[in-house]
Amino acid sequence: MQGQDGERDRRGARNRDEPQAGAPACGSSAGAPDAEPRRGRPRSAAAERAILDAVIALLEAGEPLAGLSIERIARTAGVGKATIYRRWSGKEELFVDVVRDMEPTDPPVSGTAGLADLRVMLESLRTRGLAQRSSVLLVNIFAQMKSHPKLWEEYHGTVIAPRRVAMLEAVRRAVAAGELRDDLDVELIDDLFVGPMLVRTVHRPDAPLPDDLADRIITALLQGLAPAARV
């Protein structure tokens, strides 16, 4: 009996963040199912933090993304594989959240303003560029992500694409408010705003990223590039 009790205690210690025995896997009561979010409902913030930290620690130790297994991550985090799979469907989703965790958080926008929201999003792009320049690990991760199409597709679909949609919506609001011309394609206008910042942050890693860069881009576009008419 003592041996059986000890084994039960050890199992409980290993799975303290798991659902109680007999509880539904989704954490809802019988007869009243909850709608599950895509990644599942986190049952332990500490466990999720440990998993993200474990991936970062392994990458910092020189482990390549392709070489990381769920088993290795679980051992490093001190959790079971089921704990990981309840939050992420696979490595791609997990790695995307690791990158999100390392990058600056996207700032909130009003959702009603036009140019003001565009400025906030351009500034966010600038700060992400600064963060990548100061993190060798982030630079390495992005280089590896681009060589793994499935992982890059997951990052693009869940991070980059929503940001582009938000920018396009802000452009449409600016056009509707009379802040921007209404005779140009909104995607072209969006490219004109985002393009200079992407060149500075992605294609020219040595280019300066001054605090007022977003304002300078907006001002240049609004004023135009033609020289002032001579009297």
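About the criteria used
- Residues numbered from 1 in each chain as written.
- Predicted model: local features only at pLDDT ≥ 70, side-chain atom pairs only at ≥ 80, totals over all residues.
- Heavy atoms only, no water.
- Helix = DSSP H or I, 4+ residues; strand = E, 2+ residues; numbered from the N terminus.
- Buried < 20%, exposed > 50% of the residue type's maximum accessible area, 1.4 Å probe, protein only.
- Contact = heavy atoms within 4.5 Å.
- Areas by Shrake-Rupley, 256 points an atom, 1.4 Å probe, with all protein chains shown as cover.
- Core = buried A, V, L, I, M, F, W, Y, C linked by side-chain atoms within 4.5 Å.
- Expected span 1.5 Å × (residues − 1).
- Phe/Tyr/Trp six-rings, centres within 6.5 Å; stacked < 30°, edge-to-face > 60°.
- Axes fitted to C-alpha atoms, helices over the stretch in contact; angles between N-to-C directions.
- Parallel < 35°, antiparallel > 145°, perpendicular 65-115°, else oblique.
- Nonpolar A, V, L, I, M, F, W, Y, C, P; charged D, E, K, R; others polar.
- Salt bridge = Lys/Arg side-chain N within 4 Å of Asp/Glu carboxyl O.
- Patch = residues over 30% accessible without salt bridge, like charges linked within 9 Å, V, L, I, M, F, W, Y side chains within 5 Å.

**Q** Any details on the overall build of the protein? Residues and values, ideally.
**A** When you go through the protein residue by residue, the secondary structure sums to 10 helices and 0 strands. The order of α-helices and β-strands along the protein, N terminus first, is α-α-α-α-α-α-α-α-α-α. The proportion of buried residues among the 231 residues of the protein is 35%. Pairs at least 24 residues apart make up 62% of the contacts formed inside the protein by residues separated by at least 6 positions. Accessible area of the protein: about 13,600 Å², with a carbon and sulfur share of 56%.

**Q** Run through the nonpolar core, naming residues and quoting values.
**A** The biggest cluster of nonpolar side chains holds 30 residues, and the ones touching the most others in it are I51, V55, I73, I84, L94, F95 and M145. Mapped onto this core, the elements with two or more residues apiece are α2 (45-60), α3 (70-77), α5 (91-102), α7 (136-146) and α8 (149-176). Among the elements that take part in this core, α2 stands out by supplying 8 residues, more than any other. For I51, the contacting residues outside a window of four places in its chain are I73, A77, V79, T83, I84, R87, W88 and L94.

**Q** I'd love a proper account of α2, names of residues and values included.
**A** The terminal C-alpha atoms of α2, which comprises 16 residues, lie 22 Å apart, in line with the 22 Å expected from a rise of 1.5 Å per residue. A47, E48, I51, L52, A54, V55, I56, L58 and L59 are the residues of α2 that are buried. The inward-facing, buried residues of α2 abut α3, α4 (81-87), α5 and α7. A positive backbone phi angle near 100 degrees is found at G62, which sits one or two residues after α2.

**Q** Give me the packing of aromatic side chains: which residues, what numbers.
**A** Under the counting rule described, the total for this entry stands at 2 aromatic pairs. Ring geometry for F142 versus Y155: centroids 5.5 Å apart, planes at 80 degrees, classification edge-to-face. Placement of the pair is F142 in helix α7 and Y155 in helix α8, with a sequence separation of 13 residues. Assigned by exposure class, F142 and Y155 land together as buried. Through a chain of ring-to-ring contacts, the aromatic side chains of F142, W152 and Y155 assemble into a single cluster.

**Q** Pulling in residues and values, what's your account of the packing of α2 against α5?
**A** Running from N to C, α2 and α5 cross one another at 90 degrees; their axes reach a closest spacing of 10 Å. When the interaxial angle is binned, α2 and α5 end up roughly perpendicular. Contact with α2, carried on its side by R49, I51, L52, V55 and I56, involves L94, F95, D97, V98, D101 and M102 of α5 and no other residues of that element. Residue composition of the contact of α2 with α5, grouped by class: 8 nonpolar, no polar and 3 charged.

**Q** Which residues make up the pattern of salt bridges, and what are the values?
**A** Within this structure, the stated rule accounts for 18 salt bridges. Two residues, E187 and R164, come together in a salt bridge whose shortest N-O distance is 3.4 Å. You can see E187 sitting in helix α9 (residues 186-203) and its partner R164 sitting in helix α8, a full 23 residues away along the chain. We classify E187 as partly exposed; its relative accessible area is 40%. Among the ionic pairs, R164 bridges to D190, the shortest N-O distance being 2.8 Å. Residue R164 is located in helix α8, and its partner D190 is located in helix α9; the two are separated by 26 residues in the primary sequence.

**Q** Any chance you could break down a nonpolar patch on the surface for me, citing the residues and the numbers?
**A** Together, L184, L188, L192 and L221 line one region of the surface with nonpolar side chains, adding up to about 300 Å² of accessible area. If you trace the backbone, L184 turns up in the loop between α8 and α9. A relative accessible area of 31% places L184 in the partly exposed class.

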